[in-house]
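# Inside the fold
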There are 2 protein chains.
Amino acid sequence: MSVKIAVLGHGVVGSGVVELFFRNKKSIEKRAGCEMDIKYILDLRDFPNLPYKEKFTKDFNDIINDEEVSAVAECMGGVEPAFTFVKACLEKGKSVSTSNKELVAAKGDILLAAAKAHNCNFFFEASVGGAIPIIRPLHRCLAANDIDKAAGILNGTTNFILTKMYDDNMSFGDALKLAQELGYAEKDPTADVEGHDACRKICIISSLIFGKHVYPENVYTKGISEIQLCDVATADILGHSVKLIASVRRLADGRILPAVMPMLVSHENIISGVNDVFNAVLVYGDGIDQAMFYGRGAGKFPTASAVLGDVIEAVKHKVTVFSQSWESAENNSFIANIDEFSAKWYFRVPDGCQDIGEDAYTDENGKSFITFDKLTFADAEIKAQELNAMAYIPVFE
Amino acid sequence: MSVKIAVLGHGVVGSGVVELFFRNKKSIEKRAGCEMDIKYILDLRDFPNLPYKEKFTKDFNDIINDEEVSAVAECMGGVEPAFTFVKACLEKGKSVSTSNKELVAAKGDILLAAAKAHNCNFFFEASVGGAIPIIRPLHRCLAANDIDKAAGILNGTTNFILTKMYDDNMSFGDALKLAQELGYAEKDPTADVEGHDACRKICIISSLIFGKHVYPENVYTKGISEIQLCDVATADILGHSVKLIASVRRLADGRILPAVMPMLVSHENIISGVNDVFNAVLVYGDGIDQAMFYGRGAGKFPTASAVLGDVIEAVKHKVTVFSQSWESAENNSFIANIDEFSAKWYFRVPDGCQDIGEDAYTDENGKSFITFDKLTFADAEIKAQELNAMAYIPVFE
């Protein structure tokens, strides 16, 4: 008897899941070790011209009440009604795979607990880095490591904009407009441009590595809308690329410091070569030193590929995979304040200013340099005021 | 009751496995879901000063006859006696994790069959790309994909040598000498420099992706010992890095074409930024488009980290993981000959020669260019003779 699957949502990702499933059905079944079929697709819209039109339903009850359905792919996006639907599925023992980072970042702990309580799985590989396998390698392949730091380029839209500024000398505004024309950015680009999307993803990675739920509202988040073209150009002259970096590190006292902000990345670092809409995650552990995972962070088939990979895992694992999970946090005392963040900084100050850094470079936009010493966030702000800095950006290390 | 492990070989990797295990025992046990202990370490040498000296044995029979031992880490290297020992373990139902690429490339199909027959696992994440999670992501996270191509920098020694030629203008001979001084290259560097090590690794990747055992002797393998400094420098001017690329692709008729050879990689490709002893593997699939895995391809703790990750998996999976396996090949008719390989080529020819490529660049070493059109391996050889070429190298795409 074949395993029956339901797909919630037939938007970009959901339709990708259905198409990729039927395209590679034979090899997917071989890897899952059993026959599989999609029994339901939940969507309020009509799709009368699709070959699998008879699989559509507008009623979630059809799915939740069908005991044949043992695995569900959630591709609706947003917290509600996704949360209510996913929780209901897990409570019926149906494993769920999701691409919904907003849902995982807001409610991951609750859904993981529900999966445990009902001996099924809540998988979310697609919620971070799209097609890039990162969640499973983190908890499986790197299981022997003490991981103390992770950092990545987790938003394709902002990376595309920064690449266009760098490669084609475009202003932030022009590059954003191009991203919107190409469909890489939404009409309202706030979630991408201001770093909220990257923040949700670093919350998921932080929760997984350190074992406690990290909420987006507890993570310092700064986007790229204030990045000037001249700073991108000057950073290059100083041997760096400007990237929106989402990172988390464990401090000496065991607390963690997650943050999202534009940073200067040395051209020597492999992550500086991650361009256009590509994403990458660097992981640092005591065994591995460093490893990087790179690929398409978004898009119909890349994301669908990750969702389907999880569905196959769910079909193969009939019991809860405990290791890929974390606990609720009673409070946020394990999260350090951004004031404790320390780095070298890039400053752009008025020409004539006495510089306090190496390799100062001067042009019509002012004098730019990178500080010799590390400064905390608070100290960098004070220094910026003292120097009347037009821009100051931390350097990634 | 705790799960008992044996480690075969206490050389660089084996001692790393033991040290990393005791360093991270608590978190490893949490991830494995049970208590674990190393009961035996097999080595013919004495280590009287180690805190775990009582665990050493010189007699493999102690391990094979101890029913308490359920997982074994093989870190001896070489085909024998590793093959005999590993096969005996699997036939007793003890799962084995290995870092031994020579063993997997030569005998993988036999050992995978033995694991299946005795309901245990033969894992080999550490045999390709050291610390980089690649084997498991390939068969798990990318399970929904039709993968038709993989390519990588799979040997750290040669990548270090090429990086030194590029960065520091060193000749091949001087860079090799430095690699030997730093412990990156063996006294007899043949296996690394002539591509045999990279060949074993692409054999393992090819076997896993395409499901049939690919033997090293059926793979075209060319090393970097003929690469001239002037070609590395000229390639850079033409926008490329010279890398030792191990690759495999599926042809239209379903046969596969694995190969190891120096290639020019465009600076636009993320893999051109993989430098020093780092390794990386690019995977191409119909869902993901492309993904890259990057990290330390060798070294004590990076490799130990991958072996231990597999041991944890083996402890968690009490039944054979069928999907991470392949079959014996009855013959090699599924492997295409290198003559069918087709690419654009870099040529360096005597100045005055009429060029047949784009962006010709001339200096005292001759005239260099990349061909407009793709040429097969055989046609490139003919063209090189016609033009009296001093060098010709294919371009990676």
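Please refer to the structure placed before this passage.
In what follows, the accompanying structure is described. (Residues numbered from 1 in each chain as written. Chains lettered and ligands numbered in written order. Predicted model: local features only at pLDDT ≥ 70, side-chain atom pairs only at ≥ 80, totals over all residues. Heavy atoms only, no water.)

### Observations regarding the state of the cysteines
As used in these notes, a disulfide is a covalent bond between sulfur atoms, one from each of two cysteines. All names here are of chain B. What counts is decided by this rule: By disulfide we mean two sulfur atoms from cysteines, separated by a distance within 2.5 Å. Remark: exposure states derive from per-residue accessible area (1.4 Å probe, protein chains only) relative to the maximum for the residue type, with buried under 20%, exposed over 50%, and partly exposed in between.
Here the structure, examined in full by the defined rule, presents zero disulfides over all chains. Cysteine Cys 34 remains unbridged, with the sulfur of Cys 120 as its closest cysteine sulfur at 17 Å. According to the relative accessible area criterion, Cys 34 is partly exposed, its value standing at 22%. Here Cys 89 stays unpaired: no disulfide links it, and the sulfur of Cys 120, its closest cysteine neighbor, is 9.1 Å away.

### As for the packing of aromatic side chains
All names here are of chain A. Where we set the bar: Two aromatic rings, drawn from Phe, Tyr or Trp (for Trp, its six-membered ring), form a pair once their centres lie within 6.5 Å of each other, and the interplanar angle then sorts them: stacked below 30 degrees, edge-to-face above 60, tilted otherwise. Under the DSSP-based scheme used, a helix requires at least four consecutive residues in state H or I and a strand at least two consecutive residues in state E, with every element numbered from the N terminus. Whether a charge sits over a ring depends on NZ of Lys or CZ of Arg being within 6 Å of the ring centre and within 35 degrees of the ring normal.
The tally for this structure, following the rule as stated, stands at 31 aromatic pairs over all chains. Note on Phe 341 and Phe 377: the rings are 6.1 Å apart at their centroids and 75 degrees apart in plane angle, and the pair reads as edge-to-face. Here Phe 377 lies in helix 13 (residues 377-386) and Phe 341 lies in the loop between helix 12 (300-316) and strand 13 (342-343), a separation of 36 residues in the sequence. The buried category is assigned to Phe 341, whose relative accessible area is 5%. Residue Phe 377 is classed as buried on the basis of its relative accessible area of 7%. Ring pairing ties together the aromatic residues Tyr 220, Phe 341, Trp 345, Phe 347, Phe 369, Phe 377 and Tyr 392, which thus form one cluster. A cation sits over an aromatic face here: Arg 23 above Phe 301, 4.8 Å from the ring centre.

### Section: helix 5 (residues 101-117) of chain A
Residue and element names in this part refer to chain A. As a reminder of what qualifies: Here the expected length of a helix is defined as 1.5 Å per residue gap, with one fewer gap than residues. The bend reported for a residue corresponds to the angle between axes fitted to the seven residues ending at that residue and the seven starting there. Any two residues having at least one pair of non-hydrogen atoms within 4.5 Å are treated as being in contact. We define a polar contact as two N or O atoms separated by no more than 3.5 Å, with the added condition that, inside protein, one atom must be a possible hydrogen donor and the other a possible acceptor, whereas residues neighbouring each other in sequence contribute only through side-chain atom pairs.
Its 17 residues give helix 5 an end-to-end C-alpha distance of 22 Å, which sits within 8% of 24 Å, the value for a rise of 1.5 Å per residue. Lys 107 marks where helix 5 bends most, by close to 85 degrees. Within helix 5, burial applies to Leu 103, Val 104, Ala 105, Gly 108, Asp 109, Leu 111, Leu 112, Ala 114 and Ala 115. Considering only its buried residues, helix 5 is in contact with strand 4 (69-74), helix 4 (82-91), strand 5 (95-98), strand 6 (122-123) and helix 10 (196-210). Sitting at the amino-terminal end of helix 5 is Asn 100, which places a side-chain oxygen 3.3 Å from the backbone nitrogen of Glu 102. With its phi angle positive at about 50 degrees, Asn 119 sits one or two positions after the end of helix 5.

### Looking at the packing of helix 2 (residues 25-32) of chain B against helix 12 (residues 300-316) of chain B
All names here are of chain B. Formally: Orientation is described by lines fitted to C-alpha atoms, with helices fitted over the stretch in contact, and by angles between N-to-C directions that extend from 0 to 180 degrees. The labels follow the angle: roughly parallel below 35 degrees, roughly antiparallel above 145, roughly perpendicular from 65 to 115, and oblique for the rest. Each helix crossing is assigned a hand: it is left-handed if the near helix lies turned anticlockwise from the far helix by less than a right angle, otherwise right-handed if that turn is clockwise.
The interhelical angle for the contact between helix 2 and helix 12, taken along N-to-C directions, is 40 degrees, at an axis separation of 9 Å. Classified by the angle their axes make, helix 2 and helix 12 are oblique. Viewed along their axes, helix 2 and helix 12 form a crossing whose handedness is right-handed. Residues Ile 28, Arg 31 and Ala 32 of helix 2 touch helix 12, and the partners they reach there are Leu 308, Ile 312, Val 315 and Lys 316.

### Quick notes on the side chain of B:Asn159
The topology assignment puts B:Asn159 in helix 7 (residues 156-168). Of note is the side chain of B:Asn159, whose polar atom sits 3.1 Å from the backbone oxygen of B:Asp276.

### Quick word on the side chain of A:Lys94
All names here are of chain A. To be explicit about the condition: Note on charges: Lys and Arg go in the positive column, Asp and Glu in the negative column, and His and the chain ends are not counted at all. Each reported salt bridge corresponds to a side-chain nitrogen of Lys or Arg within 4 Å of a carboxyl oxygen of Asp or Glu.
If you trace the backbone, Lys 94 turns up in the loop between helix 4 and strand 5. No salt bridge is formed by the buried Lys 94, whose closest oppositely charged neighbour, Asp 66, lies at an N-O distance of 6.0 Å. Residues within four places of Lys 94 in sequence aside, it is in contact with Ile 63, Ile 64, Asp 66, Glu 67, Val 69, Ser 70, Val 72, Cys 89 and Cys 120.

### Thoughts on the relation of the copies chain A and chain B
Superposition of the two copies of the chain requires a rotation about an axis and a shift along the axis. Counted only if it meets this: When the copies are superposed, the least-squares fit takes in the C-alpha atoms of residues with a pLDDT of at least 70 in both.
After a rotation of 180 degrees and a shift along the axis of 0.0 Å, chain A superposes on chain B with an RMSD of 0.0 Å. The relationship between the two copies is best expressed as a two-fold rotation axis. The position closest to the rotation axis in chain A is occupied by the C-alpha of A:Phe293, lying 2.4 Å away. With an isologous cut-off of 70% or more, the 100% of interface residues of chain A that recur at the interface of chain B puts this contact in the isologous class.

### Observations regarding the interface of chain A and chain B
To be explicit about the condition: What counts as buried area is the accessible surface, traced by a 1.4 Å probe, that two parts surrender upon association, with contributions from both included.
Taken together, the 43 residues of chain A in the interface contact 43 residues of chain B. Between chain A and chain B the total buried area reaches about 3700 Å² when both faces are included, carbon and sulfur atoms providing 55% of it. On the surface where chain A and chain B come into contact, there are four salt bridges. Note that A:Asp286 is salt-bridged to B:Arg23, the shortest N-O span being 2.9 Å. Applying the counting criterion to the chain A and chain B interface returns 14 residue pairs in polar contact (both at pLDDT 80 or more). Listing elements by their share of the side of chain A that touches chain B, those giving two or more residues are helix 1 (12-23), helix 2 (25-32), helix 6 (135-139), strand 12 (289-296) and helix 12 of chain A.

### Observations regarding unusual backbone geometry
Residue A:Glu80 is joined to A:Pro81 through a cis peptide bond whose omega torsion reads 5 degrees. With respect to the secondary-structure elements, A:Pro81 resides in the loop between strand 4 and helix 4. The backbone of A:Asp276 shows a phi angle near 55 degrees, a positive value even though the residue is not glycine. With respect to the helices and strands, A:Asp276 occurs in the loop between strand 10 (256-266) and strand 11 (278-285). The class for A:Asp276 is partly exposed, based on a relative accessible area of 33%. A positive phi is found at B:Asn388, a non-glycine position, where the angle reads about 55 degrees. On the secondary structure map, B:Asn388 appears in the loop between helix 13 (377-386) and strand 18 (391-394).

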